[in-house]
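# Chains, contacts and geometry: an overview
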Amino acid sequence: MKKTIQITLKLLTVFLISNMIIVLQLMYSFKSVLEIVNFENVIDIINKFGLIISIPTTIFFVLIDIFLLKKIRKNSILYIIRCFLLFTLLYLFKLIFAFYLIGSTLELLYDNSF
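These numbers were taken from a predicted model, which means no experiment stands behind them. (Residues numbered from 1 in each chain as written. Predicted model: local features only at pLDDT ≥ 70, side-chain atom pairs only at ≥ 80, totals over all residues. Heavy atoms only, no water.)

Next up on the list: the overall build of the protein. Secondary structure summary: the protein contains three helices and zero strands in total. Across the protein, helices and strands are ordered from the amino to the carboxyl terminus as α-α-α. The globule rule puts the C-alpha radius of gyration for 114 residues at 13 Å, and the 17 Å found for the protein is more than 25% above it. Projected onto the principal axes, the alpha-carbon positions of the protein cover approximately 60 × 35 × 25 Å. Counting the 114 residues in the protein, one finds 22% classified as buried. (Helix = DSSP H or I, 4+ residues; strand = E, 2+ residues; numbered from the N terminus. Rg over C-alpha atoms; globule rule 2.2 N^0.38 Å. Buried < 20%, exposed > 50% of the residue type's maximum accessible area, 1.4 Å probe, protein only.)

Take a look at the structure:
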């Protein structure tokens, strides 16, 4: 029971952190387009981008972290590897999502060109 609660808390924490990182990065990247930053804009970013990127990131992070906890005993090294792993997974899934968006856009352009 205790292990289930720990995994659930880890899932929730990583999910919230990755969503927060995605929202902050997108708001910073597109600050010239956003006129006003309000709660509706944040919810819109979470619905369109945050959930798609942070759900697989969270799942893979927790699965890899369970393996890392068994292998690494030093806390300082474990924290550094966890941070590196989270940012790497976020970057990879944002890259995959960007390729998906570009591919679907190119497919739409190709289909509508004739």
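Scanning the entire structure with this criterion turns up three salt bridges. Residue Arg-82 is joined to Asp-65 by a salt bridge in which the shortest nitrogen-to-oxygen separation is 2.8 Å. With Arg-82 in helix H3 (residues 75–111) and Asp-65 in helix H2 (residues 39–71), the pair connects residues that are 17 residues apart, well separated along the chain. Through salt bridges with shared partners, a single network forms among Lys-10, Asp-65 and Arg-82. (Salt bridge = Lys/Arg side-chain N within 4 Å of Asp/Glu carboxyl O.)

What the rule picks out here adds up to three aromatic pairs. Aromatic rings pair up to connect Phe-49, Phe-97 and Tyr-100 into one cluster. (Phe/Tyr/Trp six-rings, centres within 6.5 Å; stacked < 30°, edge-to-face > 60°.)

At a closest axis distance of 7 Å, the pairing of helix H1 (residues 2–29) and H2 adopts a crossing angle of 135°. Classified by the angle between their axes, H1 and H2 sit oblique to one another. For the crossing formed where H1 meets H2, the hand is right-handed. Residue classes in the contact of H1 with H2 are distributed as 19 nonpolar, five polar and two charged. (Axes fitted to C-alpha atoms, helices over the stretch in contact; angles between N-to-C directions. Parallel < 35°, antiparallel > 145°, perpendicular 65-115°, else oblique. Left-handed = near helix turned anticlockwise from the far one by under 90°. Nonpolar A, V, L, I, M, F, W, Y, C, P; charged D, E, K, R; others polar.)

With that out of the way, let us pick up the nonpolar core. Across soluble globular proteins, nonpolar side chains show a tendency to be buried alongside one another. Grouped together as the largest cluster of nonpolar side chains are 18 residues, with contacts concentrated most on Ile-53 and Phe-61. Sorting the residues of this core by element identifies H1, H2 and H3 as the ones contributing at least two each. Per-element tally for this core: the top contributor is H3, with seven residues. Excluding residues within four positions of it along the chain, Ile-53 makes contact with Ile-22, Leu-90, Phe-93, Lys-94 and Phe-97. (Core = buried A, V, L, I, M, F, W, Y, C linked by side-chain atoms within 4.5 Å. Contact = heavy atoms within 4.5 Å.)

Attention now moves to H1. Helix length check: H1, at 28 residues, gives a terminal C-alpha distance of 40 Å against a target of 40 Å (1.5 Å per residue), a fit within 8%. When H1 is considered as a whole, its buried residues turn out to be Val-14, Ser-18, Asn-19, Ile-22, Val-23, Leu-26 and Met-27. (Expected span 1.5 Å × (residues − 1).)

Looking now at the side chain of Thr-58. For Thr-58, the position within the fold is in helix H2. Ignoring anything within four residues of it in the chain, the contact list for Thr-58 reads Leu-11, Val-14, Phe-15 and Ser-18.

Here the focus is H2. End to end, H2 covers just 42 Å across 33 residues, shorter than the expected 48 Å (1.5 Å per residue, more than 12% under). Where H2 bends most, the angle comes to about 55°, and this point is Gly-50. (Bend = angle between axes of the 7 residues up to and from the residue.)

By themselves these figures say nothing about function.
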